[in-house]
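These are the residues of each chain, in order.
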Amino acid sequence: MNRFSVLKQIKSHVVMGAVIFGAALSVSAQTPASPAAPAKPAAEAKAAAPEASKTGAMGVQSANIFSIAPDANTDPKYADQNNGERGKVQPGNNAPMWRQVGAGANGYSSLPASEAPEAGNLIQPFVQYPGSKLTTAGEAWRQVRNNWIIPYGGSLLLIVILAIALFYYGKGTMKLHGAETGRKIERFTPLERAAHWTNAITFVLLAISGVVIAFGKYFILPIVGSALFGWLTYFLKNVHNFAGPLFAVSLIIVFFTFLKDNWPSKEDITWLLKGGGMFSGQEVASHRFNAGEKVVFWLGVLGLGVIVVASGLVLDKLIPGLIYERGTMQIANMIHGVATILMMGMFLGHIYMGTIGMQGAYSAMRTGYVDETWAKEHHELWYNDIKAGKIPAQRSPEAVAHGGPASTSASA
Ligand code: HEM
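What counts, and at which threshold
Residues numbered from 1 in each chain as written. Predicted model: local features only at pLDDT ≥ 70, side-chain atom pairs only at ≥ 80, totals over all residues. Heavy atoms only, no water. pLDDT = per-residue confidence, 0-100. Contact = heavy atoms within 4.5 Å. Core = buried A, V, L, I, M, F, W, Y, C linked by side-chain atoms within 4.5 Å. Buried < 20%, exposed > 50% of the residue type's maximum accessible area, 1.4 Å probe, protein only. Helix = DSSP H or I, 4+ residues; strand = E, 2+ residues; numbered from the N terminus. Donors = N, O, S within 2.8 Å, 3.2 Å for Na, K, Ca; no water. Tetrahedral: all angles 85-135°; square planar, octahedral: opposite > 155°, others 65-115°. Polar contact = N/O pair within 3.5 Å; in protein donor to acceptor, adjacent residues only side chain to side chain. Near = heavy atom within 4 Å. Nonpolar A, V, L, I, M, F, W, Y, C, P; charged D, E, K, R; others polar. Lys, Arg positive; Asp, Glu negative; His and termini not counted. Salt bridge = Lys/Arg side-chain N within 4 Å of Asp/Glu carboxyl O. Expected span 1.5 Å × (residues − 1). Axes fitted to C-alpha atoms, helices over the stretch in contact; angles between N-to-C directions. Parallel < 35°, antiparallel > 145°, perpendicular 65-115°, else oblique. Left-handed = near helix turned anticlockwise from the far one by under 90°. Patch = residues over 30% accessible without salt bridge, like charges linked within 9 Å, V, L, I, M, F, W, Y side chains within 5 Å. Areas by Shrake-Rupley, 256 points an atom, 1.4 Å probe, with all protein chains shown as cover. Phe/Tyr/Trp six-rings, centres within 6.5 Å; stacked < 30°, edge-to-face > 60°. Lys NZ or Arg CZ within 6 Å of the ring centre and 35° of its normal.

**Structural notes on the confidence of the model for the chain**
Line of reasoning, step 1. Of all residues in the chain, 82% attain a pLDDT of 70 or more, and the chain-wide mean is 86.
Line of reasoning, step 2. Contacts from residues 30–35, a stretch scored under 50 in pLDDT, to residues over four places away or in other chains number five contacts.
Line of reasoning, step 3. In the predicted structure, residues 408–412 sits below a pLDDT of 50 and forms eight contacts with residues beyond four places in sequence or in another chain.

Encoded structure:
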């Protein structure tokens, strides 16, 4: 059989297929699908409007409902009719049923409530979430997300980034005033650094994937197009769902690891009143962690951390025994949205100070060591306690064994 006859055959098959498909399409177009009214109302309508069934085996033929008994609404009780009554005067007019559905009424469902608590409910009842009108819950959630969380949350993040950029532009990196001594103090043990970086890396993964999921359609979709954006958000959603529980565990470890040095002390008040000397250039004495770091610890790591993780675990459906209804997910989503934006705003400041904002800070958390000069200038009370022998300069077994960093490159 040569190539042309094969093509001729394919062509005839395609034509044949098109004819069959066309015919099927026209048949289905002629038989209108009956409105998927929940069993009970349809039965009622069917019982109430015998003459309608006469107009076709499949229910009312497509017609303008108001051309059927157009004066039906002159009946003073018209607006209060239930679906059965309406079916009697205007067969096929299921407006009363949809009005009930729209108001959040529960219909009948054979699914067990334990497995599908909302099975009979198509549209949630009216609620008023903070910032929304009194409307159906789905719409109320949409209003809070689209009118508040996205525009104001997005603006807040942009303002924080701009403020950090302006601060860096104005002040630059906080450099050491004195020369380094070469003598090293172990500021973070290997365990503390491992806990911190596991937490930091999962946080950054969550922040990037979360920002793309929430704001990506404004600044990525227009550039890459919907297909690629779809794949990107699908991939990042999965990254988010897996990094979440890991962040939760590492957050708990970070909290208990750094707890003992974050208890408030009286010197913190002086630090806060002077803004840590950030603007005067005159640094204020502090213990191992200054009051600014302690605020980030209690408000950020604990306060916002707990809210972000708890709402995230609800959204991941990882809290056993919780009934995950749409309302639960809507509330968890709104709380998660607000708390994560506040946490990102706060940790942007932390990340700035922990990278380009202060000389030697990043290497402290990367290598574990700081020079004595760094300790004296930035955490003078901590440095004094070390010099007084109240706190060991080397804490981890490795550091004690080497009497400091294994090599002198720690001061990079
Ligand atoms: C890329 C992201 C991050 C970077 C670059 C970073 C950097 C740093 C640096 C350099 C330090 C040492 C500061 C000092 O010596 O006093 C530090 C301390 C700390 N970081 Fe981060 N960090 C990041 C993310 C996070 C996240 C997401 C959390 C928690 C949710 C966190 C919690 C802490 C805590 C608890 C400390 C100890 C200071 C304290 O307890 O107050 N960090 N970080």
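**With respect to the nonpolar core**
Line of reasoning, step 1. Core analysis: the biggest nonpolar cluster contains 46 residues, and I185, F247, F258, V301, M343 and V370 have the highest contact counts within it.
Line of reasoning, step 2. In terms of residue count, the dominant contributor to this core is helix α8 (residues 221–258) (seven residues).
Line of reasoning, step 3. Discounting chain neighbours no more than four positions away, the residues touching F258 are F188, E192, R288, F289, F297 and M365.

**A look at the coordination of the iron atom of the ligand**
Line of reasoning, step 1. The iron atom of the ligand binds to the protein through H196 (NE2) and H350 (NE2), with metal-donor distances spanning 2.0 Å.
Line of reasoning, step 2. Bound by six donor atoms, the iron atom of the ligand shows angles of 86 to 179° at the metal and therefore octahedral coordination geometry. With H196 in helix α7 (residues 190–219) and H350 in helix α11 (residues 326–357), this residue pair connects regions lying 154 residues apart in the sequence.
Line of reasoning, step 3. What makes H196 buried here is its relative accessible area of 15%.

**Overview of the side chain of N121**
Line of reasoning, step 1. Mapped onto the elements of the fold, N121 is located in the loop between α5 (95–102) and β1 (126–127).
Line of reasoning, step 2. For N121, a relative accessible area of 10% gives the class buried.
Line of reasoning, step 3. Polar contacts involving the side chain of N121 include one to the main-chain carbonyl oxygen of A105, which spans 3.5 Å.
Line of reasoning, step 4. When sequence neighbours within four positions are dropped, the list of residues in contact with N121 reads G104, A105, N106 and R326.

**Topic: the site of the ligand**
Line of reasoning, step 1. As a structural note, the neighbourhood of the ligand is formed by 26 residues, with R187, H196, N262, E293 and H350 the closest of them.
Line of reasoning, step 2. R187 places a polar side-chain atom, nitrogen or oxygen, 2.7 Å from an oxygen atom of the ligand.
Line of reasoning, step 3. Between the ligand and E293, the relevant distance is 2.3 Å, taken from an oxygen atom to a side-chain nitrogen or oxygen of the residue.
Line of reasoning, step 4. For the shell around the ligand, the secondary-structure elements that each account for two or more residues are α7, α8, α10 (291–315), α11 and α12 (361–367).
Line of reasoning, step 5. Residue classes in the shell around the ligand are distributed as 18 nonpolar, six polar and two charged.

**Observations concerning the side chain of E186**
Line of reasoning, step 1. Within the element layout of this structure, E186 appears in strand β3 (residues 184–186).
Line of reasoning, step 2. Nearest to the buried, unbridged E186 among oppositely charged side chains is R193, at 5.1 Å.
Line of reasoning, step 3. At 2.6 Å, the side chain of E186 forms a polar contact with the backbone nitrogen of R395.
Line of reasoning, step 4. Within polar-contact distance, the side chain of E186 engages the side chain of S396 at 2.6 Å.

**A short note on the pattern of salt bridges**
Line of reasoning, step 1. Applying the stated criterion across every chain, the model contains 13 salt bridges.
Line of reasoning, step 2. With its nearest N and O atoms 2.8 Å apart, the salt bridge here joins K260 to D261.
Line of reasoning, step 3. A salt bridge links E267 to K266; the shortest N-O distance between them is 3.0 Å.
Line of reasoning, step 4. Linked by salt bridges that have partners in common, E192, K260, D261, R288 and R395 make up one network.

**Observations concerning helix α6 (residues 137–171)**
An α-helix turns once every 3.6 residues. As a result, residues three or four positions apart point the same way.
Line of reasoning, step 1. In this model, α6 (35 residues) spans 48 Å end to end at C-alpha, consistent with the 51 Å of a helix rising 1.5 Å per residue.
Line of reasoning, step 2. Along its buried surface, α6 packs onto β1, β2 (135–136), α7 and α11.
Line of reasoning, step 3. Trailing α6 by a residue or two, G172 shows a phi angle of about 70°, which is positive.

**Concerning the packing of α8 against α10**
Line of reasoning, step 1. Packing of α8 against α10 brings their axes to within 11 Å, and their N-to-C directions diverge by 155°. Classified by the interaxial angle, the pair formed by α8 and α10 is roughly antiparallel. For the pair α8 and α10, the sense of crossing is left-handed. Every residue of α10 that contacts α8 at F247, A248, L251, V254, F255 and F258 is listed here: F297, W298, V301, L302, G305, V306 and V309.
Line of reasoning, step 2. In the contact of α8 with α10, the residues fall into 12 nonpolar, one polar and no charged.

**Let's talk about the environment of N333**
Line of reasoning, step 1. By the element assignment, N333 lies in helix α11.
Line of reasoning, step 2. Judged by relative accessible area, N333 falls into the partly exposed class, the value being 26%.
Line of reasoning, step 3. In the structure, N333 is positioned 21 residues away from G312 in sequence and 8.0 Å away in space, judged by C-alpha atoms.
Line of reasoning, step 4. Once residues within four sequence positions are removed from consideration, N333 is found in contact with W141 and L315.

**What about a nonpolar patch on the surface?**
Line of reasoning, step 1. Taken together, W98, L122 and I123 make up a surface patch of nonpolar side chains, about 290 Å² in accessible area.
Line of reasoning, step 2. Taking relative accessible area as the criterion, W98 reaches 39% and is therefore assigned partly exposed.

**Considerations on the packing of aromatic side chains**
Line of reasoning, step 1. Applying the stated criterion across every chain, the model contains 15 aromatic pairs.
Line of reasoning, step 2. Ring geometry for F297 versus W298: centroids 5.2 Å apart, planes at 90°, classification edge-to-face.
Line of reasoning, step 3. Pairwise contacts between aromatic rings join F255, F256, W263, F297 and W298 into one cluster.
Line of reasoning, step 4. Just above the ring of Y78 sits the side chain of R86; from NZ or CZ to the centre is 3.7 Å.

**Some points on the packing of α6 against α11**
Line of reasoning, step 1. Their axes nearest at 9 Å, the elements α6 and α11 cross at an angle of 5°. Here α6 is positioned roughly parallel relative to α11, judged by the angle of their axes.
Line of reasoning, step 2. In the contact of α6 with α11, the residues fall into 19 nonpolar, seven polar and no charged.

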